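Structure assessment
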Amino acid sequence: GIIGPTGSGKSTIVNLLLRFYDADSGEIRISGHKISSIPKEKLHSMFGVVFQNDFLLADTIRENIDFGRALGDSQIEYAAQTAQAGFIYEKEGGFLSKLTVGGANLSGGQKQRLLIARALAANPEILILDDSSSALDYRTDAMLRKALLKNYSNTTTIIIAQRISSIMHADKIMMLEDGCIAGYGTHEELLETCGAYREIYETQMGVAL
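This report concerns the structure included in the present document. Being a predicted model, the structure only gives us computed values, none of them experimental. (Residues numbered from 1 in each chain as written. Predicted model: local features only at pLDDT ≥ 70, side-chain atom pairs only at ≥ 80, totals over all residues. Heavy atoms only, no water.)

Examining the sheet that holds strand E5 (residues 126–130)
Pairing in this open sheet of six strands is mixed, and the strands run E4-E5-E6-E1-E7-E8 from one edge to the other. Edge positions in the open sheet fall to strand E4 (47–50) and strand E8 (180–185), since each of these has one partner strand only. Here E5 runs beside strand E6 (residues 156–161); their pairing, made up of five bridges, is parallel. Bridging from a neighbouring strand, Leu127 pairs with Thr157 of E6. (Pairing = 2+ DSSP bridges. Helix = DSSP H or I, 4+ residues; strand = E, 2+ residues; numbered from the N terminus.)

So this is what it looks like as structure tokens:
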């Protein structure tokens, strides 16, 4: 989990991982390999990403999840179920139902779940959800995290959020402030050692520690 206020550097980490630009110093490794040594096409295929301002095509729901990758129906349906996109089955035509430009005929939460299904469909090694749970209610968010843990247990999931409830169950959490790491550890460790994290927790959860 990665948490921090707007402008703290959360999305910069995504850009560095995907090599939209390179680090000025140091290096990033995945499974011991420098990402600078991995061809960009192969590197990008390792990731499934939902960006903050992602887009949907004026095409069928299936094509929006497939995204030109010629995936099988079982992959697409499995990803949609994990992403809590059960609303698809309620639509006339199901996965062949057409979306309008930008997915204007979907609610905000439905758009997010469809984008998450797209990111999952090719079974990525690393899944990045960049503030993608903000449009989901707490119950759906919790069900999504539970389904990810069960259905994509071999996928490393990086959740970037401003809501502590979205990342508090992560194995490790990074707290960012002004482009620097203010704290790193489990939820319980950060409550003990990181004042900025504890302050966010108390404000969002209405609990004084």
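Comments concerning the pattern of salt bridges
Under the criterion given, the structure shown has seven salt bridges. We note a salt bridge from Glu27 to Arg29, for which the minimum N-O separation is 2.7 Å. The closest approach of N and O atoms between Asp141 and Arg163, which form a salt bridge, is 3.2 Å. One end of the pair, Asp141, is in helix H6 (residues 138–151); the other, Arg163, is in the loop between E6 and helix H7 (164–167), with 22 residues separating them in the sequence. With respect to class, Asp141 is no different from Arg163; both count as buried. Each member of the salt-bridge network shares a partner with another, and the members are Glu27, Arg29 and Lys34. (Salt bridge = Lys/Arg side-chain N within 4 Å of Asp/Glu carboxyl O. Buried < 20%, exposed > 50% of the residue type's maximum accessible area, 1.4 Å probe, protein only.)

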